Amino acid sequence: MLNIDLINTYYGQIHALKDLSLHIEKEEIVALIGSNGAGKSTLLNTVSGVTPPRTGSIRFNKTEISRRSPEKIVAQGIVHVPEGRQLFGPLTVFENLELGAFLRFSRESRKDIEKDLRYVMELFPILKERREQKAGTLSGGEQQMLSIGRAIMGRPQLMLLDEPSLGLAPLVVIEIFNVIRKLQEDRTTILLVEQNARAALRIADRAYVLETGRITMEGNAKVLIEDEGVKKAYLGNDYREKRRRL
Amino acid sequence: MAPFTRKKETLFLIIFALAIILIPLFVKNKYHFMVMNIVGLNTIVVIGLNLLIGFTGQISLGHAAFYGMGAYLSAIFTATFGFPPWPTIVLAMIITGMVAYFVGYPSLKLKGHYLVMATLGFSIIVHIFMVELDRITGGPSGFPGIPHLSIGAFVFDNDFKNFYLIWTFVFFCILVSVNLVNSRVGRALKAIHGSEVAANTLGIDTDKYKTKVFVLSAVFASLAGSLYAHYITFISPRSFDFYYSIQAVTMVIVGGMGSVWGAFFGAGLLTVLSEFLHVAEKYNIIAYGAILTLVLVFLPEGIVVGFYNFYRRRKIKSMIEKRGGEFRV
């Protein structure tokens with residue numbers, strides 16, 4: 001569905017993504033793990049057109065999209081849930097959700113959009129209660145839910161999720177990840193960037209490991225989660241082993 | 001941001017229309033009519049500018065130029081070439097809109113201070129044209145003899161008749177803005193104000209909407225300019241200089257950014273204020289400045305939104321205290 005081929009992205013002089021290639025198949029969840037500054041968010045920004053690549057190609061359903069502007073890419077069916085939610089604080093929950101469906105109003109009937117609105121409210125019942133509240137007054141978890149809900153309103157084929165668990169309470173993280181799984185069941189393809197590598201690898205089908213702008217490892221998520229190198233670098237110390245050494 | 005619900009807005013529109021109809025029954029003084037008419041013209045400019053500044057978050061210091069273009073285009077086409085006034089107003093709006101498009105398209109790619117500078121530069125250029133093209137514009141001494149507007153044999157030739165004319169236009173401008181703000185496009189504008197990148201990732205073509213709203217605000221200013229020319233029948237470059245742009249931006253801020261009704265109150269308050277301050281002669285600029293500073297310090301959201309929030313906070317406070325809680329800000 002998405003084929004990225006040898007892209008190079010720069011921030012001014014800084015070479016952020018180096019000859020990076022990856023592919024995502026329909027209805028997969030693909031996780032992207034890596035430490036701070038590895039280029040995970042940059043990759044998502046490059047796909048969504050916010051920081052276009054200098055060279056290389058990105059094909060989505062066989063159409064070249066790497067030279068298109070962000071709004072054209074959204075129209076193709078890729079919606080980005082940016083890091084730090086990027087909600088419109090002074091607008092209500094409802095208005096934020098309607099903005100998610102911005103491009104659909106001219107092409108689709110009001111009814112279809114309202115159907116998706118109900119779907120989002122089912123996924124996140126708390127948003128229904130808060131619908132008239134300003135987005136800026138929501139808690140961190142609710143804001144993340146709204147941010148994902150807003151993306152769903154664009155009815156994407158591919159959703160780019162950037163750090164959905166950032167700064168959230170463990171219980172909320174579980175809820176968000178359950179929704180991600182539910183989205184996959186409802187046939188949305190997902191590219192997931194996460195610091196919480198263990199949680200990401202648990203729900204992903206495949207994963208890529210990114211280090212300083214290059215992909216250093218890729219494979220089945222169930223295999224990667226057992227990989228010694230990945231364990232050491234991203235999954236934290238295994239305390240049982242530590243105790244044995246003592 | 002806009003603190004009113006749709007139902008309340010309909011109510012306000014009805015009250016506003018009634019006020020326009022009834023006010024002349026109580027006002028007899030010619031001078032008062034003139035002040036109200038100037039308030040009306042400023043309101044039209046400020047409503048347009050508020051769509052740009054308050055809702056979309058783009059600041060323009062060039063709206064005196066669009067106001068002036070409307071006035072001069074109407075004046076030149078009707079008085080010099082004998083065009084009929086009403087179609088000329090539309091023609092002036094179209095020409096000004098096109099100029100705004102060509103100015104806005106490149107400059108709206110600029111952000112913050114740079115956009116302000118670009119629009120400021122443009123308004124200075126237009127002002128120079130008004131002064132220097134004296135064969136066409138009358139130069140610094142102005143352009144006299146502009147015909148009044150008329151419908152059939154009915155000529156809008158005094159302050160009282162022009163009151164109805166101008167305020168009818170104000171009413172429709174408010175109606176258009178209120179509807180625009182509550183539409184899908186209005187939400188897109190607010191989204192651009194919030195974050196252009198985020199708006200982009202939702203599929204909003206930010207450049208397109210910024211340019212469109214810039215053109216719309218210029219067209220509003222042009223309409224006000226044309227009405228001004230036909231009302232006063234004399235125009236001079238002094239009315240459309242850089243200070244007018246600043247005044248218009250100030251009216252937006254004092255009235256309340258992101259509130260259509262704020263535009264009306266901002267224009268009203270500052271126009272009336274500067275009339276009152278004529279009494280203070282050379283000190284009037286000081287008083288004007290002091291009032292501005294006070295508003296910005298104590299009601300940074302502008303008077304309309306500021307007082308509304310103040311009222312709401314008091315209501316919430318009394319609600320909480322009734323239940324025995326303590327209210328802290």
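Residues numbered from 1 in each chain as written. Chains lettered and ligands numbered in written order. Predicted model: local features only at pLDDT ≥ 70, side-chain atom pairs only at ≥ 80, totals over all residues.

What follows covers the overall build of chain A. Of the regular secondary structure elements, chain A holds eleven helices and ten strands. The C-alpha extent of chain A, read off along each of the three principal axes, is 60 × 45 × 35 Å. For chain A, buried positions account for 43% of its 246 residues. Counting contacts in chain A only where the partners sit at least 6 residues apart, residues at least 24 apart contribute 66% of the total. (Helix = DSSP H or I, 4+ residues; strand = E, 2+ residues; numbered from the N terminus. Buried ≥ 20, exposed ≤ 12 C-beta atoms within 10 Å, placed from the backbone. Contact = placed C-beta atoms within 7 Å.)

Before going further, it helps to spend a moment on the overall build of chain B. In terms of regular secondary structure, chain B is built from 14 helices and two strands. With respect to the three principal axes, the spread of C-alpha positions in chain B is 75 × 50 × 40 Å. Looking at chain B as a whole, 45% of its 329 residues qualify as buried. The long-range fraction of contacts in chain B, counting pairs at least 24 apart against all pairs at least 6 apart in sequence, stands at 77%.

For the rest of this paragraph, the subject is the nonpolar core. Considering soluble globular proteins, one finds that nonpolar side chains tend to be buried as a cluster. Formed by 153 residues in total, the largest nonpolar core has its most connected members in Ala31(A), Leu32(A), Leu192(A), Ile44(B), Val45(B), Ala224(B) and Val252(B). Ranked by residues supplied to this core, first place goes to helix 10 (residues 206–232) of chain B with 13 residues. The contacts of Leu32(A), once residues within four sequence positions are left out, are Lys40(A), Leu43(A), Leu191(A), Leu192(A), Val193(A), Tyr208(A) and Leu210(A). (Core = buried A, V, L, I, M, F, W, Y, C linked by C-beta atoms within 7 Å.)

Listed by partner, the interface residues are 21 residues for chain A and 16 residues for chain B. Listed by contribution, the elements that provide at least two residues to the side of chain A that touches chain B are helix 2 (70–76) and helix 3 (93–100) of chain A. Along the lines of polarity and charge, the residues of the side of chain A that touches chain B split into twelve nonpolar, six polar and three charged. (Nonpolar A, V, L, I, M, F, W, Y, C, P; charged D, E, K, R; others polar.)

A few words now on helix 1 (residues 40–48) of chain A. A large share of helix 1 of chain A lies buried, amounting to nine of its nine residues. Residues of helix 1 of chain A that are buried include every one of Lys40(A), Ser41(A), Thr42(A), Leu43(A), Leu44(A), Asn45(A), Thr46(A), Val47(A) and Ser48(A), and no others.

All names here are of chain A. Pairing of strand 1 (residues 2–11) with strand 2 (residues 14–24), which is carried by seven bridges, proceeds in the antiparallel orientation. When the sheet's bridge partners are listed, Thr9 is paired in strand 2 with Leu17. The hairpin turn running from strand 1 into strand 2, its antiparallel successor, is two residues long, and Gly12 in that turn takes a positive phi close to 60°. (Pairing = 2+ DSSP bridges.)

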